[in-house]
Amino acid sequence: LLSKQMHYDWGLRAVKSLLRQAGQLKRADPDMDEYPILMRALRDFNTPKIVTEDKPIFLRLIEDLFPGVEAEAKMDPDMERVASECVK
């Protein structure tokens, strides 16, 4: 499915890091359902590592794992402001 890339890491350490991130998301929003949290953690934690050609495939795989689940991208307004100022 995905191309073979040297930097792709799907081992136990990567899974542990992903679960740690999902735990932080859950603690930040304890009333939120776990499926969107896991979906968001998978997407946000792995997308920066995925090469451009594999991104659509990876995102479809996540959608297949969590059918019907919507995971909003959480944006940091301060980070957006600083990034837009740096681009100017």
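Here, every reference points to the structure presented above.
Residues numbered from 1 in each chain as written. Predicted model: local features only at pLDDT ≥ 70, side-chain atom pairs only at ≥ 80, totals over all residues. Heavy atoms only, no water.

A.B. asks: Residues and numbers for a negative patch on the surface, please.
C.D. replies: On the surface, E63, D64, E70 and E72 cluster together into a patch of negative charge. One can find E70 in the loop between α3 (55-65) and α4 (77-87). (Patch = residues over 30% accessible without salt bridge, like charges linked within 9 Å, V, L, I, M, F, W, Y side chains within 5 Å. Areas by Shrake-Rupley, 256 points an atom, 1.4 Å probe, with all protein chains shown as cover. Salt bridge = Lys/Arg side-chain N within 4 Å of Asp/Glu carboxyl O. Lys, Arg positive; Asp, Glu negative; His and termini not counted. Charge placed at Lys NZ, Arg CZ, Asp CG, Glu CD. Helix = DSSP H or I, 4+ residues; strand = E, 2+ residues; numbered from the N terminus.)

A.B. asks: Break down the side chain of R40 for me, citing the residues and quoting the values.
C.D. replies: By the element assignment, R40 lies in helix α2 (residues 34-46). With a relative accessible area of 11%, R40 lands in the buried category. Contacts of R40, omitting those with residues within four sequence positions, involve L25, F45, A71, E72 and K74. (Buried < 20%, exposed > 50% of the residue type's maximum accessible area, 1.4 Å probe, protein only. Contact = heavy atoms within 4.5 Å.)

A.B. asks: Tell me about the environment of L25, residues and numbers included.
C.D. replies: Tracing the chain through its elements places L25 in helix α1 (residues 12-28). With relative accessibility at 17%, the residue L25 sits in the buried group. Along the sequence, L25 and A41 sit 16 residues apart, while their C-alpha atoms lie 7.8 Å from each other.

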